[in-house]
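Listed below are the residues making up each chain.
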Amino acid sequence: MDTTNATHAIRKLVARSQEAQTDPEVLPALHTSDLVLINLAGRRVFGREAFESAMTAALASPLKDVRTTLEVDDIRFVRPDVAIVSLTKTVHDERPDTQGQGPSDFPARGVMTYVVTRDEDDNWRIALAQTTPIA
């Protein structure tokens, strides 16, 4: 199985997901309709609509000042249309310090796993996104 083109498309999907992290119209569309997402805090969201709603609420809160960067560590193909993507997530917490304890209650880094699938239009989408904090 030649995975060169698929690997390039998956890396592009990861980059687009990072760029769209503050756009609740673009980021959910990069996911499957039946997405499962577990964030850094352990909150689990089922489905693209629930993700869009949670994202909109987060962007209306101080969480709007927390952004992340992603680094692809590995891509493994389960089948030609399914891949597991291992990533390192770095958290950039830019919320103002309002309690004298520093702005962040988030870990600075986490390991993230995407399960991505290719649809009938040859587009890759994120079907599962799960982040585990690094202590």
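Note: the structure precedes this text.
So, the environment of Ala6
Structurally, Ala6 is set in helix α1 (residues 4–19). Counting along the chain gives 75 residues from Ala6 to Asp81, while the straight-line C-alpha distance between them is 8.6 Å. Leaving out residues up to four positions away in the same chain, Ala6 has contacts with Phe77, Arg118 and Trp124.

Concerning the pattern of salt bridges
Counted by the stated rule, this structure contains 4 salt bridges. The shortest N-O distance in the salt bridge between Asp119 and Arg125 comes to 3.6 Å. You can call Asp119 partly exposed: its relative accessible area is 22%.

Description of α1
Over its 16 residues, α1 runs 23 Å from end to end, which matches the ideal 22 Å to within 8%, given 1.5 Å per residue. Inspection of α1 places Ala6, Ile10, Leu13, Val14 and Ser17 among the buried residues, and these make up the whole buried set. Mapping the buried residues of α1 onto a view down its axis gives an arc of 95 degrees, with all of them on the same face. Turned more than 90 degrees away from the buried face of α1 sit Thr4, Asn5, His8 and Glu19, all of them exposed.

Quick notes on unusual backbone geometry
Residues other than glycine seldom take positive phi values, yet Asp122 does so here, at roughly 70 degrees. If you trace the backbone, Asp122 turns up in the loop between β5 (109–118) and β6 (124–133). Exposure remark for Asp122: the relative accessible area of 53% places this residue in the exposed category.

Some remarks on the sheet that holds strand β3 (residues 66–79)
Read from one edge to the other, the open sheet built from 6 strands follows the order β2-β1-β6-β5-β4-β3, with strand pairing classed as mixed. Bordering the open sheet on either side are β2 (44–46) and β3, each of which pairs with just one other strand. Between one strand axis and the next, the sheet turns through 15 degrees on average, direction left out of account. Sheet analysis places strand β1 (residues 31–38) next to β2, joined by 3 bridges and oriented antiparallel. Residue Leu37 lies in a different strand from β2, and its bridge partner there is Val45. In the packing of α1 onto the sheet, the strands contacted are β3, β4 (82–93), β5 and β6, and the crossing angle to β3 comes to about 160 degrees. Its contacts with the sheet put helix α2 (residues 48–59) on β1 and β2, and the angle it makes with β1 is roughly 55 degrees.

Cut-offs applied
- Residues numbered from 1 in each chain as written.
- Predicted model: local features only at pLDDT ≥ 70, side-chain atom pairs only at ≥ 80, totals over all residues.
- Heavy atoms only, no water.
- Helix = DSSP H or I, 4+ residues; strand = E, 2+ residues; numbered from the N terminus.
- Contact = heavy atoms within 4.5 Å.
- Salt bridge = Lys/Arg side-chain N within 4 Å of Asp/Glu carboxyl O.
- Buried < 20%, exposed > 50% of the residue type's maximum accessible area, 1.4 Å probe, protein only.
- Expected span 1.5 Å × (residues − 1).
- Arc of directions from axis to C-beta.
- Pairing = 2+ DSSP bridges.
- Axes fitted to C-alpha atoms, helices over the stretch in contact; angles between N-to-C directions.

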